[in-house]
Every structure is written in structure tokens, then in C-alpha cells.
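Residue-level listing of the chains:
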Amino acid sequence: MGIADQFKDKAQDLADQAQKKMKDGKGEGRDRSQDASDRAREASEQGRDKAQGAADDVRERFDH
């Protein structure tokens, strides 16, 4: 499992937790849900960026 997949899984877990809490009506549901969604989106983007950077590094090594 690559780094991007790990971030994607974590992002999905956070989104699932947010949805569950919102359905349960616990805490500040909407705020927590939005925060979790934002963190999940950010984690996904970071994972994608890291994966892209790693792929670029590998390409550079083999191109030279």
C-alpha cells in the first residue's frame, strides 16, 4: 500500500467518523463534520502531493 493510499484511507476514516457523529447528534455535529471533512481533504491532497513527489524523484533517478 502506497503513501497516497494510506492518506486516502485516513481521509475516508475521518469522513466516516464525521458522518457517524453527525447522525448520532453528538457534540457540535456540523462543525465537527466540516472540520473532519476539511482534514480529510487536506490529508488526501498531502498524500497525493507526496506520492507525486516520490514518483517524480524515481523518474529523475532513472532518467539520468
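Higher on the page you've got the structure.
The following refers to the structure shown. (Residues numbered from 1 in each chain as written. Predicted model: local features only at pLDDT ≥ 70, side-chain atom pairs only at ≥ 80, totals over all residues. Heavy atoms only, no water.)

On a plain count of helices and strands, the protein chain comes out with two helices and zero strands. If you sum the accessible surface of the protein chain, you get close to 5,300 Å²; carbon and sulfur atoms cover 45% of it. (Helix = DSSP H or I, 4+ residues; strand = E, 2+ residues; numbered from the N terminus. Areas by Shrake-Rupley, 256 points an atom, 1.4 Å probe, with all protein chains shown as cover.)

Our focus in this paragraph is the environment of Met22. Relative to the helices and strands, Met22 resides in helix 1 (residues 3-24). When the C-alpha atoms of Met22 and Arg32 are compared, they prove to be 8.1 Å apart, with 10 residues separating the residues in sequence.

Taken together, the side chains of Asp5, Asp9, Asp13 and Asp16 make up a negatively charged region of the molecular surface. Position of Asp13 among the secondary structure elements: in helix 1. (Patch = residues over 30% accessible without salt bridge, like charges linked within 9 Å, V, L, I, M, F, W, Y side chains within 5 Å. Salt bridge = Lys/Arg side-chain N within 4 Å of Asp/Glu carboxyl O. Lys, Arg positive; Asp, Glu negative; His and termini not counted. Charge placed at Lys NZ, Arg CZ, Asp CG, Glu CD.)

Attention shifts here to the pattern of salt bridges. Under the criterion given, the structure shown has two salt bridges. Two residues, Arg41 and Asp38, come together in a salt bridge whose shortest N-O distance is 3.1 Å. One end of the pair, Arg41, and the other, Asp38, are both in helix 2 (residues 29-63), three residues apart, so they sit about a helical turn from each other. A relative accessible area of 47% means that Arg41 is categorised as partly exposed. The class for Asp38 is partly exposed, based on a relative accessible area of 33%. With a closest N to O distance of 2.7 Å, Arg59 and Asp56 form a salt bridge. Of this pair, Arg59 and Asp56 both sit in helix 2, three residues apart, which is roughly one turn of the helix. You can call Asp56 partly exposed: its relative accessible area is 30%. (Buried < 20%, exposed > 50% of the residue type's maximum accessible area, 1.4 Å probe, protein only.)

Under the 1.5 Å per step criterion, the end-to-end length of helix 1 is 32 Å for 22 residues, consistent within 8% with the ideal 32 Å. Among all positions in helix 1, only Ala11, Leu14 and Ala18 are buried. For helix 1, the buried positions fall inside an angular range of 60 degrees around the axis, keeping them on one side. Across helix 1 from its buried face, at more than 90 degrees, point the exposed residues Lys8, Lys20 and Lys23. (Expected span 1.5 Å × (residues − 1). Arc of directions from axis to C-beta.)

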